Amino acid sequence: MKRAFRYRFHPTDAQATELARTFGCVRKVYNLALTARTEAWTLRQERIGYNATSAMLTAWKKTDELAFLNDVSSVPLQQTLRHLQTAFTNFFANRARYPSFKNKKRSRRSAEYTASAFRYRHGRLTLAKMAEPLNIVWSRPLPAGASPSTVTVSQDTAGRWFVSLLCDDVIPQKPASGAVGVDVGLDHLLTLSTGEKVDNPRHERNNRVTLARAQKRLARKETGSSNEAKARIRVARIHARVADRRRDHLHKLTTRLVRENQTIVIEDLTVRNLLKNHKLARAISDAGWRQFRDMLDYKTDWYGRNLIIVDRWFPSSKLCSACGALADMLPLDMRRWTCRCGTVHDRDVNAARNLLAAGLAVSACGAGVRPRRESSRTGQPASKQETPRATEGLPAHRGG
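Conventions and cut-offs
- Residues numbered from 1 in each chain as written.
- Predicted model: local features only at pLDDT ≥ 70, side-chain atom pairs only at ≥ 80, totals over all residues.
- Heavy atoms only, no water.
- Axes fitted to C-alpha atoms, helices over the stretch in contact; angles between N-to-C directions.
- Helix = DSSP H or I, 4+ residues; strand = E, 2+ residues; numbered from the N terminus.
- Parallel < 35°, antiparallel > 145°, perpendicular 65-115°, else oblique.
- Left-handed = near helix turned anticlockwise from the far one by under 90°.
- Contact = heavy atoms within 4.5 Å.
- Nonpolar A, V, L, I, M, F, W, Y, C, P; charged D, E, K, R; others polar.
- Buried < 20%, exposed > 50% of the residue type's maximum accessible area, 1.4 Å probe, protein only.
- Pairing = 2+ DSSP bridges.
- Expected span 1.5 Å × (residues − 1).

1. A word on the packing of helix α1 (residues 13-44) against helix α2 (residues 50-61)
Two elements in contact, α1 and α2, have axes separated by 10 Å at closest approach and are oriented at 125°. On the basis of their axis angle, the class for α1 and α2 is oblique. At the point where α1 passes α2, the crossing takes the right-handed sense. Only Tyr50, Thr53, Met56, Leu57 and Trp60 of α2 make contact with α1, whose side of the interface consists of Val29, Leu32, Ala33, Ala36 and Arg37. Across the contact of α1 with α2, the residue classes tally to eight nonpolar, one polar and one charged.

2. Looking at the pairing of strand β8 (residues 178-184)
The element β8 is largely enclosed, with a buried count of five among its seven residues. Pairing analysis gives four bridges linking β8 to strand β11 (residues 261-267), with the strands arranged parallel. Bridge pairing in β11 links Val180 to Ile264. For β8 and strand β9 (residues 188-192), the ladder comprises three bridges, and the chain directions are antiparallel.

3. Regarding α1
For α1, spanning 32 residues, the distance from its first C-alpha to its last is 46 Å, which sits close to the expected 46 Å at 1.5 Å a residue. One or two positions beyond α1, positive phi appears at Gln45, with a value near 50°.

These figures come from the coordinates and say nothing about function on their own.
In structure tokens, the structure reads:
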């Protein structure tokens, strides 16, 4: 399978200048092509694709106004047109919003090179229009005998440079027999059906004072000054440190779950809707629920595991995992409750066990039973949807 390997690198002044120029040209071509495609549809009801925009790029290079596009490699410019085509394809398939214009300050600075625009020999990577190889920090080796098919160079808001090499890789398949239900939360990041609870590190909250201080210093700087640029980088570095720690923690958790279990059952949460709760949005973003789900998606594919997604309206917390009775009321602040059968439940552990049972039922027979709809809802602002919905059908899942 294709797998990307990402590394830090430290460019020379000449390389940094060349890459910055390439980033600007990529952004310019993307915006020009997006404008042309939008105007073609708005004014003439005409759809134009990659081939038409590629011909436009050739014409743009011949004009005096855009002659600077000839100063950089043509491959990243062609690749950004392909990326725009992919964005429109996703839009017309209702998988994404309409493509937006790239902004110099807010958009990601990156350029993609195909095999014709770089040379990789004996651990030395040289890009087109450059005389020297990049000074890459090889933090881990590439797969034996691997040859990159594409190379993506990027720079984050903190000023760090990264290179991502897409290579063919073979991931060893190790057998596993376990099955686990996973309930995500805020007090504890994960609660497993085994009863184990994983603490929420709260990376952003732990750095909130430092971040606020840096943002206050940034607000006091004169607009457009060099001191403002330096203060903005300090703020960006704090954000980058928080994101790196969160990503590292989630990588370790998801890798452990996938290696130890053949079947993993989680709840289908719409994080975008949950973020509309302004009291919990910051904490939910800090927990990284969406990132956790995405990592599980591709890692279960890598290792040949089953990931089962239970319907978001399944009342995992309110359903007794011992007798199957459904609690009438269960406010969010009630973390322990007693069922009519006498079983005392930890709210999160009970939810994880119910998710596991529902997922295994779906995996075994392709059908599941959901309790009847309640006559009314509690009206409490929930951090997760735990109320059953009056809809027919099976929980959304894959695998099994």
